[in-house]
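Here is how the chains run, residue by residue.
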Amino acid sequence: MILLMAAAGSCHAKQTVFSANDYGAKGDGTTLNTAAIQKAIDAAAAVKGIRQGTVTLKPGTYLTGSLFLKSGVTLDVAEGVTLVGSEQLKDYPELPTRIAGIEMTWPAALVNVRDQHDVQIIGKGTIDGDGPVWWKAYWDLRAQYEPKGLRWASDYDAKRPRLLLIQNSERVGLGGGILLKRSGFWTVQILYSRQVHVDGVTIRNNEGGRGPSTDGIDIDSSHDVLVEHADIDVNDDALCLKAGRDADGLRVNRPTAHVTLRDSIIRSGAAAVTIGSETSGGFRDIEAYNITALSGVPSGVLFKSAHTRGGFAENVKIHDLTLEGVAIPIHITMNWNPSYSYAAIPAGMTDVPDYYKVLATPVPEAKGLAHFRDVRIWNIKATGAREAFNVSAYAEAPLENFSFDHIDIEAKTAGTIANAKDWKFAHMDIKTADGSTVKMTDKAVTDPKDVPYGDR
């Protein structure tokens, strides 16, 4: 793991500072500063050496479109500085990337680290995506799509900028007290990258409305990633591991591996820790611990996939979670949100984009079932739960070799575990208002649709 620098000057190499204001940036909230800030970034990148060029701004609000950081550059968003995203889609150039599990062309993020190394994004300032304009566009389109059987297409057709993208890069640091807010779509996506350290970020995506699909931190087919000291309030996955969707994810076949999530608080979001639903490339060597989730979070541990996703998860360790008012502390579904998970082009629709065809490409049954195994969960303290366990897989791909130790849950009812193989329990204290105990069964468990995680 790399260590995130506490400040731009903490690197042993001498820092050369480039003020974007010297290149014409104006912090008046109305001037479009994309070109001026990018000139400062380019100048900082021209300095020889590693991490020697630092870009700064004077206090103010800077309207901007997509910015592209380069190797060796530190972007210092200091206290009193706000970068706010343009409301014009033309200010986010469309580039190859992966969105919600499939590779496609999509608008760039507000801040991008693409094909770079040794980049830092620090400071106690704010990066603001001005989300409400993008959220409304999504909801308007989805209202048209759902009656047509196109719920699954909504996230792909409603083009919304991500706030921060780290793609195909290495040795990247993000944090130092920075505030990320009102993202149009996912807040931080770490894609096809390695040696990334996120330390000390606050994410707030529920100001001015509840932003749909405004995930907090998505680690997507990447490895050697450490996320710590995050404070997250979002309307979908908070700390989430992803690895591709269906036929396209199986084609890419890149796992997420060697990831640590720790010492964080989730105030609102889908779960304390999420794996999936994009599981196609698989997951291995994952650890999450010392995480608190509050009553705005419906699930504690959430594993989710679908029968067309495929993939695997192995050697997963989750421990020392505090769940306060979380509805389902242990929630696993291998048939997540069918209206979103299963793409079918409506009969008679012929003039469709290529990515519709990619999404609707059939996956053979043998490759479509995800295999989760060798998972250890311990030291879970949950109060105010509705259902202790809601766990369901497929008989052809049971959840194998899970172990639970020191699980302390207070819930209305115990719940059900379906299609589990070689599960071990020790020091279990499940206190239920109705006196029930956990039921083990081979029959599928209905996913609780009244638990409002994500944008179901």
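Relevant structure appears above.
Throughout what follows, the structure given in this document is the object of discussion. Computed from a predicted structure; not experimentally measured.

## Brief notes about the overall build of the protein chain
For step 1, the next point in the chain: When helices and strands are tallied, the protein chain shows seven helices and 31 strands.
For step 2, the next point in the chain: Expected size for 456 residues packed as a compact globule is a radius of gyration near 23 Å; at 22 Å, the protein chain falls within 12% of this value.
For step 3, the next point in the chain: When the backbone C-alpha atoms are referred to their principal axes, the protein chain occupies close to 65 × 55 × 35 Å.
For step 4, the next point in the chain: When the 456 residues of the protein chain are sorted by exposure, 61% land in the buried category.
For step 5, the next point in the chain: If you take every contact in the protein chain between residues at least 6 apart in sequence, the share linking residues at least 24 apart comes to 77%.
For step 6, the next point in the chain: Only carbon and sulfur atoms are counted for the fraction: they give 51% of the accessible area of the protein chain, which is about 16,400 Å².
For step 7, the next point in the chain: Charged side chains of the protein chain number 48 positive and 55 negative; the gap between the two group centres comes to 3 Å.

## Remarks on the environment of L359
For step 1, the next point in the chain: By the secondary structure assignment, L359 is in helix α6 (residues 354–359).
For step 2, the next point in the chain: Taking the relative accessible area as the measure of exposure, L359 reaches 4% and is therefore buried.
For step 3, the next point in the chain: A sequence separation of 206 residues divides L359 from A153, and the C-alpha atoms of the two residues are 8.7 Å apart.

## A look at the layout of surface pockets
For step 1, the next point in the chain: The space that makes up the largest pocket amounts to roughly 160 Å³.
For step 2, the next point in the chain: T333, N335, S392, A444 and V445 are the residues nearest the centre of the largest pocket, which is lined by 13 residues in total.
For step 3, the next point in the chain: Across the lining of the largest pocket, the residue classes break down as six nonpolar, five polar and two charged.

## Observations concerning the packing of aromatic side chains
For step 1, the next point in the chain: Applying the stated criterion across every chain, the model contains 14 aromatic pairs.
For step 2, the next point in the chain: Ring geometry for W152 versus Y356: centroids 5.0 Å apart, planes at 65°, classification edge-to-face. One end of the pair, W152, is in the loop between α2 (132–145) and α3 (154–157); the other, Y356, is in helix α6, and 204 residues separate them in sequence. You'll find W152 and Y356 in the same group, each marked buried.
For step 3, the next point in the chain: Note on F389 and F404: the rings are 5.6 Å apart at their centroids and 70° apart in plane angle, and the pair reads as edge-to-face. Here F389, found in strand β27 (residues 371–392), pairs with F404, found in strand β28 (residues 399–418); they are 15 residues apart in sequence, far enough to count as distant.
For step 4, the next point in the chain: We classify F389 as buried; its relative accessible area is 1%.
For step 5, the next point in the chain: Aromatic ring contacts, followed pair by pair, group F303, F372, F389, F402, F404, W423 and F425 into a single cluster.

## Comments concerning the pattern of salt bridges
For step 1, the next point in the chain: Evaluated as defined, the whole model comprises 31 salt bridges.
For step 2, the next point in the chain: In this structure, D128 engages R182 in a salt bridge whose closest nitrogen and oxygen atoms are separated by 3.0 Å. Remark: R182 occurs in the loop between β14 (170–181) and β15 (188–191) and D128 occurs in strand β12 (residues 126–128); sequence separation between them is 54 residues. There is no split in this pair, since D128 and R182 are both buried.
For step 3, the next point in the chain: For E228, the salt bridge identified is with R262, shortest N-O distance 3.0 Å.

## Here we look at empty space enclosed by the protein
If a probe as big as a water molecule is rolled over the atoms, it shows which places are left empty.
For step 1, the next point in the chain: Overall, the coordinates contain two cavities of 30 Å³ or more when judged by the stated rule.
For step 2, the next point in the chain: As a volume, the second largest cavity reaches approximately 30 Å³.
For step 3, the next point in the chain: Its residues placed into classes, the lining of the second largest cavity shows five nonpolar, four polar and one charged.

## Here we look at the nonpolar core
For step 1, the next point in the chain: Of all hydrophobic cores here, the largest spans 92 residues; its most connected members are I121, I217 and F303.
For step 2, the next point in the chain: The element that contributes the greatest number of residues to this core is β27, accounting for nine residues.
For step 3, the next point in the chain: Excluding residues that lie within four positions of it along the chain, I217 makes contacts with V188, I190, V198, V201, I203, V227, A230, I232, A238, L239 and C240.
For step 4, the next point in the chain: By size, the runner-up hydrophobic cluster in this structure holds 22 residues, among which are Y145, W336, A343 and V352.

## So, the pairing of β28
For step 1, the next point in the chain: Where β27 meets β28, 14 bridges bridge the pair, whose relative direction is parallel. What sits directly across from E387, in β28, is T413.
For step 2, the next point in the chain: Where β28 and strand β29 (residues 420–421) come together, two bridges link them in parallel fashion. Bridging from a neighbouring strand, E400 pairs with K421 of β29.
For step 3, the next point in the chain: Here β28 runs beside strand β30 (residues 424–432); their pairing, made up of eight bridges, is parallel. From the neighbouring strand, E410 faces β30, where its bridge partner is K431.
For step 4, the next point in the chain: The pairing of β28 with strand β31 (residues 439–441) spans three bridges and is parallel. From the neighbouring strand, T416 faces β31, where its bridge partner is K439.

## What to know about the environment of V84
For step 1, the next point in the chain: If you trace the backbone, V84 turns up in strand β7 (residues 81–85).
For step 2, the next point in the chain: A C-alpha to C-alpha distance of 9.9 Å links V84 and T30, two positions 54 residues apart in sequence.
For step 3, the next point in the chain: Sequence-distant contacts of V84, that is, excluding residues within four places in its chain, are made with T61, Y62, L63, T64, D128 and D130.

## Here's the deal with helix α1 (residues 34–45)
For step 1, the next point in the chain: In this model α1 runs 16 Å from its N-terminal to its C-terminal C-alpha over twelve residues, within 8% of the 16 Å that 1.5 Å per residue would give.
For step 2, the next point in the chain: Along α1, the residues classified as buried are T34, A36, I37, Q38, A40, I41 and A44.

## Quick word on the pairing of strand β20 (residues 239–242)
For step 1, the next point in the chain: Side chains L239 and L241 project from β20 onto one buried face, and the interleaved C240 and K242 project onto a second face that is buried too.
For step 2, the next point in the chain: Sheet topology places strand β17 (residues 217–220) next to β20; four bridges connect them, and they run parallel. Counterpart to I219 in the pairing with β20 is L241.
For step 3, the next point in the chain: Where β20 meets strand β22 (residues 271–275), two bridges bridge the pair, whose relative direction is parallel.

Reading the values: the criteria
Residues numbered from 1 in each chain as written. Predicted model: local features only at pLDDT ≥ 70, side-chain atom pairs only at ≥ 80, totals over all residues. Heavy atoms only, no water. Helix = DSSP H or I, 4+ residues; strand = E, 2+ residues; numbered from the N terminus. Rg over C-alpha atoms; globule rule 2.2 N^0.38 Å. Buried < 20%, exposed > 50% of the residue type's maximum accessible area, 1.4 Å probe, protein only. Contact = heavy atoms within 4.5 Å. Areas by Shrake-Rupley, 256 points an atom, 1.4 Å probe, with all protein chains shown as cover. Lys, Arg positive; Asp, Glu negative; His and termini not counted. Charge placed at Lys NZ, Arg CZ, Asp CG, Glu CD. 1 Å grid on protein atoms, 1.4 Å probe; cavity = no way out; pocket = protein on both sides within 12 Å on 5 of 7 lines; lining within 4 Å. Points joined across faces, edges and corners; volume = space filled by probe spheres on them. Nonpolar A, V, L, I, M, F, W, Y, C, P; charged D, E, K, R; others polar. Phe/Tyr/Trp six-rings, centres within 6.5 Å; stacked < 30°, edge-to-face > 60°. Salt bridge = Lys/Arg side-chain N within 4 Å of Asp/Glu carboxyl O. Core = buried A, V, L, I, M, F, W, Y, C linked by side-chain atoms within 4.5 Å. Pairing = 2+ DSSP bridges. Expected span 1.5 Å × (residues − 1).

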